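Single-letter residue listing:
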Amino acid sequence: RILEGEDWKNGGWCKERFINQRAVRKADEIRSQLRRLCSQMASGRRLSCAGTEEEGEKLILQSLASGHVFNAARIGSDGKYRTMRGGTAVEIHPGSVFGRFGRFSEYIIFGNTEDGREGTVRIVNVSGIDGNWLLREGTKVFMKKGEQGVG
């Protein structure tokens, strides 16, 4: 909803709300691209992500999970996240929005990794997800590669 108004284009507005104006500008560009692509493909039909904002968020996260099956981690009994593939311990970057404001999630997906302190791997662009999405999407990915399915 932030992008619907023009207020975010004012640097002071973003600063007051601790919002990175450059990130919002990029999100607005991506949103415009998606709208153009959808309108080209819709051929006069109305396209919508979902009925409510929560349903839309769920669909977007499911889509991200399907593309980030190999960048998924689960929290261990020691309270640290470990990648699903390889079991590498990772820590959420302290500057990450998820690290500061995210809800606890047993499973997460991430976009990028970087070297952390003392040889750790830090992850950024983190989202909490439902583990069942990984099971469903992971099974599809591994079955396409001819590997054994999960379960």
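Residues numbered from 1 in each chain as written. Predicted model: local features only at pLDDT ≥ 70, side-chain atom pairs only at ≥ 80, totals over all residues. Heavy atoms only, no water.

Chemist: Honestly, the pairing of strand β3 (residues 89-92) in this entry has me stumped. Any pointers?
Modeler: Look at any regular strand and the pattern is simple: side chains alternate between the two faces of the sheet. Where strand β2 (residues 81-83) meets β3, 2 bridges bridge the pair, whose relative direction is antiparallel. The residue of β3 that forms the bridge with Y81 is V90. The antiparallel pairing of β2 with β3 creates a hairpin that spans 5 residues between the two strands, and G86 there sits at a positive phi of about 105°. Two strands pair when backbone bridges link them, and β3 and strand β5 (residues 121-129) are joined in this way by 3 bridges, in the parallel orientation. When the bridges of β5 are listed, E91 appears paired with R122. (Pairing = 2+ DSSP bridges. Helix = DSSP H or I, 4+ residues; strand = E, 2+ residues; numbered from the N terminus.)

Chemist: Whenever I open this one, the sheet that holds β2 confuses me. Can you help?
Modeler: In a beta sheet, neighbouring strands are held together by backbone hydrogen bonds and run either parallel or antiparallel to one another. Strands sit in the order β1-β2-β3-β5-β4 around a closed barrel of 5 strands; the barrel is mixed. If you compare each strand with its neighbour and ignore which way they point, the axes differ by 50° on average. Here strand β1 (residues 72-75) runs beside β2; their pairing, made up of 3 bridges, is antiparallel. The residue bridging R74 from the neighbouring strand is R82, located in β2. Helix α3 (residues 53-67) contacts β4 (107-115) and β5 of the sheet and is inclined by roughly 135° relative to β5. (Axes fitted to C-alpha atoms, helices over the stretch in contact; angles between N-to-C directions. Contact = heavy atoms within 4.5 Å.)

Chemist: In this structure, what is going on with the pairing of β5? I would like to understand it.
Modeler: Two strands pair when backbone bridges link them, and β4 and β5 are joined in this way by 8 bridges, in the antiparallel orientation. Residue pairing across strands places F110 opposite V126, the latter belonging to β5. As consecutive antiparallel partners, β4 and β5 are separated by 5 residues, and within that stretch E118 has a phi angle of approximately 50°, a positive value.

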